[in-house]
Amino acid sequence: MNINGKELAHGIIQGGMGIGVSLSELAGNVAKEGCMGVISSVNIGFKEPDFLKNPFEANIRALKEHIKRAKEISGGKGLIGVNIMVAVSHYEETVKAAIAAGADAIISGAGLPLKLAELVKNTNTLFAPIVSSKKAAMLLCKTFSQKSGILPDFIVIEGHKAGGHLGFSRENLEEDTCQENLNILKEVLEVIKPFEEKFHKKIRVFLGGGIFTGKDMADAINAGADGVQIGTRFIATDECDASNTFKQVIVDSTPADIKIIKSPVGMPARAVYTPLLQSLEKGKTFFAEKCNNCLTACPKGDKVPYCISRALIAAVEGNREEGLFFCGENASRVKEILSVKNLINELLTDCNANLTVGNISI
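These lines cover the structure that appears in this document, whether it is placed above or below. (Residues numbered from 1 in each chain as written. Predicted model: local features only at pLDDT ≥ 70, side-chain atom pairs only at ≥ 80, totals over all residues. Heavy atoms only, no water.)

## As for the overall build of the protein
In step 1: Across its full length, the protein carries 13 helices and 13 strands.
In step 2: Relative to the 2.2 N^0.38 estimate, which gives 21 Å for 362 residues, the radius of gyration of the protein is 19 Å and therefore close to what a compact globule would have.
In step 3: With respect to the three principal axes, the spread of C-alpha positions in the protein is 55 × 40 × 40 Å.
In step 4: A sequence separation of at least 24 residues applies to 67% of the contacts in the protein between residues at least 6 apart.
In step 5: For the protein, the computed accessible surface area is about 15,200 Å², with 48% contributed by carbon and sulfur atoms. (Helix = DSSP H or I, 4+ residues; strand = E, 2+ residues; numbered from the N terminus. Rg over C-alpha atoms; globule rule 2.2 N^0.38 Å. Contact = heavy atoms within 4.5 Å. Areas by Shrake-Rupley, 256 points an atom, 1.4 Å probe, with all protein chains shown as cover.)

## Concerning the packing of helix α5 (residues 134-147) against helix α7 (residues 181-199)
In step 1: Put simply, α5 and α7 touch, their axes get as near as 8 Å, and they point 15 degrees apart. Comparing their axes, α7 and α5 come out roughly parallel. The hand of the α5/α7 crossing is right-handed. Judged by residue contacts, K134, A137, M138, C141, K142 and S145 of α5 engage E187, V188, V191, I192, F195 and F199 from α7. (Axes fitted to C-alpha atoms, helices over the stretch in contact; angles between N-to-C directions. Parallel < 35°, antiparallel > 145°, perpendicular 65-115°, else oblique. Left-handed = near helix turned anticlockwise from the far one by under 90°.)

## Focus on the packing of aromatic side chains
In step 1: Counted according to the given criterion, the structure contains three aromatic pairs.
In step 2: With centroids separated by 5.3 Å and ring planes inclined at 75 degrees, the aromatic side chains of F127 and F144 adopt a geometry described as edge-to-face. Within this pair, whereas F127 is found in strand β7 (residues 126-131), its partner F144 is found in helix α5, the two being separated by 17 residues in sequence.
In step 3: On the basis of relative accessible area, F127 is assigned to the buried category, the value being 2%.
In step 4: Owing to a relative accessible area of 1%, F144 belongs among the buried residues under this scheme.
In step 5: The positively charged end of R233 is found above the aromatic ring belonging to F212, 4.5 Å away from the centroid.
In step 6: When the ring centre of Y273 is taken as origin, the NZ or CZ atom of K259, which lies over that ring, is 5.4 Å away. (Phe/Tyr/Trp six-rings, centres within 6.5 Å; stacked < 30°, edge-to-face > 60°. Buried < 20%, exposed > 50% of the residue type's maximum accessible area, 1.4 Å probe, protein only. Lys NZ or Arg CZ within 6 Å of the ring centre and 35° of its normal.)

## Notes on the pattern of salt bridges
In step 1: Counted by the stated rule, this structure contains 14 salt bridges.
In step 2: A salt bridge links R204 to D226, with the nearest nitrogen and oxygen atoms 2.9 Å apart. Residue R204 is found in strand β10 (residues 204-208), and its partner D226 is found in the loop between α8 (214-222) and β11 (227-230); the two are separated by 22 residues along the sequence. A single burial state applies to R204 and to D226, both of which are buried.
In step 3: A network of salt bridges, in which partner residues are shared, links K6, K71 and D104. (Salt bridge = Lys/Arg side-chain N within 4 Å of Asp/Glu carboxyl O.)

## Brief notes about the sheet that holds strand β13 (residues 268-272)
In step 1: Spatial strand order, β9-β13-β12: three strands in an open sheet with antiparallel pairing. Edge positions in the sheet fall to β9 (164-165) and β12 (258-262), since each of these pairs with one other strand and no more.
In step 2: As judged from the five bridges shared by β12 and β13, these two strands associate in the antiparallel manner. If you follow K262 over to β13, its bridge partner there is P268. (Pairing = 2+ DSSP bridges.)

## Examining the side chain of E196
In step 1: Inspection of the secondary structure puts E196 in helix α7.
In step 2: No salt bridge forms around the buried E196; measuring N to O, its nearest opposite-charge neighbour K202 is 4.2 Å away.
In step 3: Apart from residues lying up to four places away in sequence, E196 is in contact with L151, K201, K202 and I203. (Lys, Arg positive; Asp, Glu negative; His and termini not counted.)

## Some details on a nonpolar patch on the surface
In step 1: There is a patch of nonpolar side chains on the surface, built from L112, L114 and L139 and spanning about 230 Å² of accessible area.
In step 2: For L112, the location among the structural elements is in the loop between β6 (105-108) and α4 (116-120).
In step 3: Since its relative accessible area comes to 37%, L112 is described here as partly exposed. (Patch = residues over 30% accessible without salt bridge, like charges linked within 9 Å, V, L, I, M, F, W, Y side chains within 5 Å.)

## Focus: the environment of N43
In step 1: Mapped onto the secondary structure, N43 falls in the loop between β4 (36-40) and α2 (55-74).
In step 2: Measuring from C-alpha to C-alpha, the distance between N43 and S89 comes to 10.0 Å, with 46 residues separating the pair along the chain.
In step 3: Side-chain polar atoms of N43 contact the side chain of S309, separated by 2.6 Å. (Polar contact = N/O pair within 3.5 Å; in protein donor to acceptor, adjacent residues only side chain to side chain.)

## Looking at the pairing of β10
In step 1: Of all five residues that make up β10, five are buried, and the element is covered over most of its length.
In step 2: Side-chain alternation along β10 places R204, F206 and G208 on one buried face and V205 and L207 on a second face that is also buried.
In step 3: Note that β10 and β11 share three bridges and pair parallel. If you follow L207 over to β11, its bridge partner there is V228.
In step 4: At this point the chain moves from β10, through α8, to the parallel β11, and the crossover so formed is right-handed. (Right-handed = clockwise from strand over helix to strand, strands pointing away.)

What follows is the structure in structure tokens.
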């Protein structure tokens, strides 16, 4: 498909996963298969020697290097996107750095990216907000069009089965009363239509959150989506930047292990119930020796029981005892670690076998 001048062979976006789960190795190899590989920007410089002393400089330096490396791996195929959370400190500087480094797209959620259109306007970088409701899609399209005179190039819908931070209330998540993906998709397609007609522009829509099989992908496309976003399944790939321990935690998980938790930043999130979460339930605390102010929404200090940044870094480095392992609801269905190429081939084959929209193939 063509997304405002950029070509994407297949309608698959690999979800951005931080900290350090989706970096250049995973994103580059996903793009190499004609899909959109996505680098997560949050604390991307955690391996830099000056990270604790100069976190902002370390993160910007690492971001630019990972974008460059991902493009080298991709060999000019697919697209390289960067996921930048609205909740991070230095949001605007990070967006500008990603654009300067040649990112094909900026995908932004964990809050409403109301300033994103203005930051990306008149550049060669695509931009997309992440939404979980028609209300958010409407507000963002209205804001972008009125303040910047442009519309997003695509929209990513993240449903309630997604991993990490979620755009739903904890009550709705625990009571299983969240709106279903295909219903959100239908409503989002309806609310963006007048904007598309006014601006004579097609806004591509990708559905995420619980997409596990090619049939799930086909169901989304049959219902009007242009493609899907998939996160958790890409953790269990050879090329994923996370440690083998992280991958094995996903493979070994059971349905009972997947829990909704309260993040230190105040949002509900989904993760594997590993020793860190068990200890927190017992009242233990895990404060950071030094706070690098990575998230604007974090109360910081002894107001939170643990540092989410340190816990996510511990996970990606393979520390099962102290790590926080974000995942989607379907993580327990992952039974093996595949290559990116084999995973994408499996998804596309299954998808094409279940498409009913005309005679297209994805």
